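One letter stands for each residue in the lines below.
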Amino acid sequence: MDWLESLNTTWHGLNANKMRSGLTMLGVIIGVAAVIALLSIGQGVQESITGSISGAGSNLLFVAPGSFQLGGVETPSGSAASLTYADAQAIADSRNVPDAAIVAPEFTMQTQVIFGSANINTKVTGITPEYLAAFGMEVDRGRFISEGDVSGRGTVAVLGSDAARDLFGGFDPVGQKIKVSIPGAGGGRVSLTVVGILSPQGGSRFSDPDNAILIPITTAQTKIFDGRNAQGDAVVTSVNVVVTNEERVDEITDQITTLLLRRHGFNADEEGDFSVVSQADLLATLTQVTNILVVFLGAIAAISLLVGGIGIMNIMLVSVTERTREIGLRKAMGARKVDILTQFLLEAVILSLAGGAIGIGLGVSIALLVDKSGVTNAIITSQSVMLAVSFSVAVGLFFGIYPANHAASLRPIEALRYE
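This is a predicted model, so every value here is computed, not measured. (Residues numbered from 1 in each chain as written. Predicted model: local features only at pLDDT ≥ 70, side-chain atom pairs only at ≥ 80, totals over all residues. Heavy atoms only, no water.)

A.B. asks: Lay out the packing of aromatic side chains with the relevant residues and their values.
C.D. replies: Following the criterion strictly, the structure yields 3 aromatic pairs and no others. Plain terms: the ring middles of Tyr131 and Phe135 are 5.1 Å apart, the flat faces sit at 55° to each other, and that makes the pair tilted. Given the relative accessible area of 3%, Tyr131 is considered buried. (Phe/Tyr/Trp six-rings, centres within 6.5 Å; stacked < 30°, edge-to-face > 60°. Buried < 20%, exposed > 50% of the residue type's maximum accessible area, 1.4 Å probe, protein only.)

Next up, the structure:
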């Protein structure tokens, strides 16, 4: 009966000041909603990024010129033009790397692509026919880049589904001509015939294949971009290697490293001017980074809850001051210290719980709205909801203890005399 009486007294106390109670809850509402929404968005972004990497499979290796940042440790640094097309051909030679099933070099640069009045600034990637199989792509209409296109430096292009939509709208792009701007002071444009459209990939690759403009690698190196180093060798921006046995990824990485060290004139114990990174390495690094992102977003949202808790403590202290005579009267009539303490703690906890319940609804709604909008994914988990609720209750208890203890410690005679 003591608890029921305390609850009844608490309810009447909160109901007597509806506006103040509502404003007090507002800080908790915003805090809980922020925790749920930001954690959901953070986990959605994490899932999207890691999913795009893992979707390409764990048997894929990336060979890149220069340095690569991995888990906070930078791999050997070198020239951005240190990896050549001849290096890719050497990796593809089964005598050098027996378990390299597919070797797909690429040469990628950013430039403007134009069709009529439409234009997009995107990455134009020079590739070989092996590129299609390396990333499990499919052609929706037309055909893919052929060996003849590569050997003949053909002026053809294959577009990703989004790039085709942005440039052509509802028109069929196959057979149409697009213009690719040549970077640099001289400028100029190269006309390319669209020969194929890729099926939507759905983020199966980290570099967003749906926005891809794919052309023969020789065309990219000689007709659009400056694709040669100081020695006159054709360079590539990366070499994608699909291995036959993913359990031997580390061994094949060593084979490629040894081969390129020898080709580039380094000793076996020296650091080369290239990097060999596996899909698993990339996934581990990105998972580490995105975990930090989620924690950071949660910490920012928790600050809102902390501010809400300070608001509860402030209002409770004001309430104690206003109800000093009431507290004195209750004590004079036999109320114990624990009764007064329980009443004011209950007020703080009820404000937190009510604010938390409304905040859950608001936070879930924001997360669902962001997810439906297509801006980014948002994944609502029970853990994020429980974390927000638990934190809101803890805030109510923590910031309610001092005002409640202050009220319970008042002496009856001094409280009754308070004006």
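The discussion continues.
A.B. asks: Account for the pattern of salt bridges, with residues named and values stated.
C.D. replies: Evaluated as defined, the whole model comprises 9 salt bridges. A salt bridge links Arg141 to Asp140; its shortest N-O distance comes to 3.5 Å. A residue is classified by how much of its surface remains accessible, and Arg141, at 34% relative accessible area, is partly exposed. Asp149 is the salt-bridge partner of Arg143, the closest N and O atoms lying 2.7 Å from each other. Residue Arg143 is classed as partly exposed on the basis of its relative accessible area, which comes to 35%. (Salt bridge = Lys/Arg side-chain N within 4 Å of Asp/Glu carboxyl O.)

A.B. asks: So what's going on with the environment of Arg143? Which residues, and what values?
C.D. replies: Structurally, Arg143 can be placed in the loop between β6 (139-142) and α5 (147-151). The sequence separation of Arg143 and Val195 amounts to 52 residues, and the corresponding C-alpha distance is 5.9 Å. What Arg143 contacts, discounting residues up to four positions off in sequence, is Asp149, Val156, Val158, Val195 and Gly196. (Helix = DSSP H or I, 4+ residues; strand = E, 2+ residues; numbered from the N terminus. Contact = heavy atoms within 4.5 Å.)

A.B. asks: How would you explain helix α8 (residues 249-263) if you had to name every residue and give the values?
C.D. replies: An α-helix turns once every 3.6 residues. As a result, residues three or four positions apart point the same way. With 15 residues, α8 should reach 21 Å at 1.5 Å per residue; the first-to-last C-alpha distance of 21 Å fits that figure. Gly265 sits one or two residues past α8 and shows a positive phi near 80°. (Expected span 1.5 Å × (residues − 1).)

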